[in-house]
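What the coordinates show
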Amino acid sequence: MNKIVRKEQFSEKVFLFEIEAPLIAKSRKAGNFVIVRVGKKGERMPLTIAAADIEKGTITLVVQMVGLSSKKLCALNVGDYVTDVVGPLGNPTKIEKYGTVVCAGGGLGVAPMLPIIQALKAAGNRVLSVMAGRSKDLIILEDKVRESSDEVIIMTDDGSYGEKGVVTVGIEKFIEQEPHVDKVFAIGPPIMMKFSNLTAQKHNIPCEVSLNTIMVDGTGMCGACRLTIGGKTKFVCIDGPEFDGALVDWDEMFKRMGTFKREEQEELAHYEEHLDSIEDGKLKMESSKTTDVVMDSDPTNDTIEVLTDRNAAWRDELRKSMKPKERTQIERVIMPELDPVYRATTRTEEVNIGLTKEMAMTEAKRCLDCAKPSCVEGCPVNINIPSFIKNIERGQFLAAAKVLKNTSALPAVCGRVCPQEKQCESKCIHLKMNEPAVAIGYLERFAADFERESGNISLPEIAPANGIKIAVVGSGPAGLSFAGDMVKKGYDVYVFEALHEIGGVLKYGIPEFRLPNKIVDVEIENLAKMGVHFQTDVIVGKTISVEQLEAQGFKGIFVGSGAGLPNFMNIPGENSINIMSSNEYLTRVNLMDAANPKTDTPLNPAKSVLVVGGGNTAMDSCRTAKRLGAEVTLVYRRSEVEMPARLEEVKHAKEEGINFLTLHNPIEYIADEQGAVKQAVLQVMELGEPDASGRRSPVPVEGKTVTLDVDQVIVAVGVSPNPLVPKSIQGLELGRKNTIAVNDDMQSSRAEIFAGGDIVRGGATVILAMGDGRRAALNMDKHLRGL
């Protein structure tokens, strides 16, 4: 896949590439674009598709060598592979019989304009094409344009070819010569599109323009491409890329195009340092290492039934070894942590160090091995908690991991990021005795880490293959949990991920200081060893449809595509440069490694960062900004008591020097002359009566505001389900805010489609999403077996 089969040079810096991408070629329509990435450290770069050949399974891209990413792409030759090509993305051009249309392409804009010209002509329109460039060598694809145009005018700035002048001169000529022009289409540099639109407006002709601003994911997840269109914020990759030119805020467009100009110029100056990253971008796993923690006894070969049997001889003997009163008198373990001053300087070192063998075994003794363990009821994936803990107590750490993996696909992940204090630990019998709960999360992490680092990783028992293919949309916690359970039941499971790495929010949303990537990679590797197939760069609903999956023999589909559509507050100045969603910020830093000078994705440095929100994502954002050298202020409209973030995350943030400014809420941002944010105006709040969530509602204090000097703002006020997947599935009943409506079995209105996680809930923790995946797997299995 993604092999370059043809390369043609139009001029010194303009190249055509024909690339193998059969699924994209089959699905692509005029106006669609792709996201391209060159090298494992490459930036995600949007490029409009100039042509597609379904028989050959190729797409054609025309690229101008202007920045680091395009220079790296243009350095590739026939036979080389582009690391990632994902699409088709964006809404296709609305093609109908308008009458007479003028299609204006400026420079490279002719390439994306070509399929539009062809489609308009095929729809029965009279097509008048204007091709423009600075000089003759920037006039491309002339023969192809002439084939589908009734007339063509060529304009060059220097008069070296065609007529001397700019694109608007050509547009005016056609408008003046024709009895009536019904529509103008313009694609090219933003300034060219702005004036093409003004020319059309002068004659009361609607003008459609294509806006490919800077993007990170291309699916609406990050919000990096947002622009004001008709007074409302739109995401170019989801709502566009084509818009009515009369509605575009062009000044904002020009400023946003220059967001990372300085950073990109600096990276280009160090081009040679980036070349070593041009290689095949496949998922790579770190090899397991041997742990320093050892077991005092030989590993047991007991079956899972014996390991989880409360009446087993070993378990009964363990209970009798200590009286319950002695167990309750043991103090809860305290997790060792890195020094706050030091850890606030390192992005990749984990804050929580982990328990020693002695600490884990001592903490395990606190578990009373209840006959009716309420802690299991509090676990969304129903881990047999007493059984794995008792195996730790007797020193059988590998057995403990085996018990965990019997029900959880991601124990090392859950042990780190799940809010145990609100789930399993909140049900612990110790709390009824006014004692701290057993540290279930710490012990889960210990067992999973021991197994991984020992190199003795076991796989759950897999049922005989039944030959039934199952598709999973999204590789986040819901999808991975579902895939793990279904493969164990004997199904042939394929996971389709839109991004270039498997893991979903576990990779792009959670910083390494809280969840190291190597931990996630090993969990994914285990699923692959169990038989789960993973495919990146596939957007179900765009690259391939649900109907196409079913035609390929998939009998069941699980949608776990997450809630990747960031919320903004819709306040004045919010679209200023250097104001970004937490999704965009964390994706740039976590997934794209933008803080690393040897990677291609830009990130503007900041000295004074404001983070808006009070959840775990807000904590992740402010702690990341601190590690990148900024002074960070966290603003939350309620008091600290109402913060939804985990207490541990709040504690860590405070220890690391984050300034907490509660009972304040942004109401306006002020930008400098370049359009970059320079100040935030905050409304002082007070708490009123409780709202539907049970938290006291924040109420503005009349006339009381505070203005802070800032040079970067990260908005972490929640996410909404991305409509891209659910809206692409015909006959699917949707719930509030484009969530997928499901019954108690996680089954949608289409019997073969199940769903879970954020796409159903609107927002969920990792463990709740995993619980949905498990429930969906259980009930899809019943459905497919006719039970």
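Preceding block: the structure.
Residues numbered from 1 in each chain as written. Predicted model: local features only at pLDDT ≥ 70, side-chain atom pairs only at ≥ 80, totals over all residues. Heavy atoms only, no water.

Here we come to the overall build of the protein chain. The number of helices and strands found in the protein chain is 30 helices and 30 strands. In terms of C-alpha radius of gyration, the protein chain reaches 28 Å, essentially the compact-globule figure of 28 Å for 787 residues. Oriented by its inertia axes, the alpha-carbon framework of the protein chain measures out at about 100 × 65 × 50 Å. Taken over 787 residues, the protein chain has a buried fraction of 58%. For the protein chain, the proportion of contacts with a sequence separation of at least 24, taken over those separated by at least 6, is 70%. Accessible area of the protein chain: about 31500 Å², with a carbon and sulfur share of 49%. Once the 94 positive and 107 negative side-chain charges of the protein chain are each reduced to a mean point, those two points are 3 Å apart. (Helix = DSSP H or I, 4+ residues; strand = E, 2+ residues; numbered from the N terminus. Rg over C-alpha atoms; globule rule 2.2 N^0.38 Å. Buried < 20%, exposed > 50% of the residue type's maximum accessible area, 1.4 Å probe, protein only. Contact = heavy atoms within 4.5 Å. Areas by Shrake-Rupley, 256 points an atom, 1.4 Å probe, with all protein chains shown as cover. Lys, Arg positive; Asp, Glu negative; His and termini not counted. Charge placed at Lys NZ, Arg CZ, Asp CG, Glu CD.)

The next thing to look at is the sheet that holds strand β27 (residues 696-709). With antiparallel pairing, three strands are arranged side by side in an open sheet as β25-β26-β27. Edge strands, defined here as strands with exactly one partner in the open sheet, are β25 (664-671) and β27. Averaged over all adjacent pairs, the angle separating strand axes in this sheet is 20°, with direction ignored. In this structure, β25 lies alongside strand β26 (residues 677-690), joined through seven bridges in antiparallel fashion. Residue pairing in the sheet places Y669 in a bridge with A680 of β26. (Pairing = 2+ DSSP bridges. Axes fitted to C-alpha atoms, helices over the stretch in contact; angles between N-to-C directions.)

Of all six residues in strand β9 (residues 151-156), five are buried, a share of seventy percent or more. Here strand β8 (residues 126-133) runs beside β9; their pairing, made up of six bridges, is parallel. By the bridge assignment for β9, V130 is matched with I153. In this fold, the crossover linking β8 to β9 by way of helix α4 (residues 142-147) has right-handed handedness. The pairing of β9 with strand β10 (residues 163-164) spans two bridges and is parallel. Bridge pairing in β10 links M155 to E163. (Right-handed = clockwise from strand over helix to strand, strands pointing away.)

What follows is about the packing of aromatic side chains. For the coordinates displayed, the defined rule picks out eight aromatic pairs. Plain terms: the ring middles of F397 and F446 are 5.0 Å apart, the flat faces sit at 90° to each other, and that makes the pair edge-to-face. Of the two residues, F397 sits in helix α18 (residues 397-407) while F446 sits in helix α21 (residues 440-454), which places them 49 residues apart along the sequence. When sorted by exposure, F397 lands in the same class as F446, which is buried. Centre to centre, the rings of Y494 and F554 are 5.5 Å apart; their planes meet at 85°, and the pair counts as edge-to-face. With Y494 in strand β17 (residues 492-496) and F554 in strand β19 (residues 554-559), this pair connects stretches of sequence that are 60 residues apart. Three or more aromatic residues link up through ring pairs in this structure, and these residues are F397, F446 and F450. Its guanidinium or amino end placed over the ring of W314, R394 lies 3.8 Å from that ring's centre, counting from NZ or CZ. Its end group placed over the ring of F554, K469 keeps NZ or CZ at 4.4 Å from the ring centre. (Phe/Tyr/Trp six-rings, centres within 6.5 Å; stacked < 30°, edge-to-face > 60°. Lys NZ or Arg CZ within 6 Å of the ring centre and 35° of its normal.)

Before going further, it helps to spend a moment on the sheet that holds β19. Taken in spatial order, the five strands line up as β18-β17-β16-β19-β30 in an open sheet, and their pairing is parallel. Each of the sheet's edge strands pairs with one partner strand only, and the pair in question is β18 (533-535) and β30 (753-755). Neighbour-to-neighbour, the strand axes of this sheet turn through a mean angle of 20°, independent of strand direction. One ladder, built from three bridges, connects β19 with β30; its direction is parallel. Its bridge partner lying in β30, I557 is registered against I753. Against the sheet, helix α22 (residues 477-488) contacts β16 (469-473), β17, β18 and β19, and its axis sits at roughly 165° relative to β16.

Let's shift gears to the pattern of salt bridges. Counted by the stated rule, this structure contains 55 salt bridges. A salt bridge links R126 to E178, with the shortest nitrogen-to-oxygen separation between them at 3.0 Å. With R126 in strand β8 and E178 in the loop between α5 (167-177) and β11 (183-187), the pair connects residues that are 52 residues apart, well separated along the chain. What makes E178 buried here is its relative accessible area of 11%. (Salt bridge = Lys/Arg side-chain N within 4 Å of Asp/Glu carboxyl O.)

For R750, the location among the structural elements is in the loop between β29 (719-720) and β30. Classification of R750 by relative accessible area gives buried; the value is 13%. Within the structure, R750 has its side chain in polar contact with the backbone oxygen of Q730 (distance 2.8 Å). Setting aside residues no more than four positions away along its own chain, R750 makes contact with V546, E547, E550, I729, Q730, G731 and L732. (Polar contact = N/O pair within 3.5 Å; in protein donor to acceptor, adjacent residues only side chain to side chain.)

So, on to the packing of helix α17 (residues 385-393) against α21. Close contact between α17 and α21 brings their axes to 10 Å; oriented N to C, the two are set at 60°. One finds that α17 runs oblique with respect to α21. Seen from above, α17 lies across α21 with left-handed handedness. Facing I385, F388, I389 and I392 of α17, the residues of α21 in contact are I440, L443, E444, F446 and A447. Of the residues assigned to the contact of α17 with α21, the class counts are eight nonpolar, no polar and one charged. (Parallel < 35°, antiparallel > 145°, perpendicular 65-115°, else oblique. Left-handed = near helix turned anticlockwise from the far one by under 90°. Nonpolar A, V, L, I, M, F, W, Y, C, P; charged D, E, K, R; others polar.)

With that out of the way, let us pick up the pairing of β11. With five of its five residues buried, β11 lies for the most part within the structure. By the alternation rule, side chains of β11 split into K183, F185 and I187 and V184 and A186, which are all buried. Bridge analysis of strand β7 (residues 100-106) against β11 gives five bridges, and the strand direction is parallel. Residue C103 lies in a different strand from β11, and its bridge partner there is F185. In the sheet, β11 pairs with strand β12 (residues 207-210) via three bridges, with the strands oriented parallel. Its bridge partner lying in β12, F185 is registered against E208. Between β11 and its parallel partner β12, the chain crosses via helix α6 (residues 190-202), and the hand of that crossover is right-handed.

The analysis is restricted to geometry; functional conclusions fall outside its scope.
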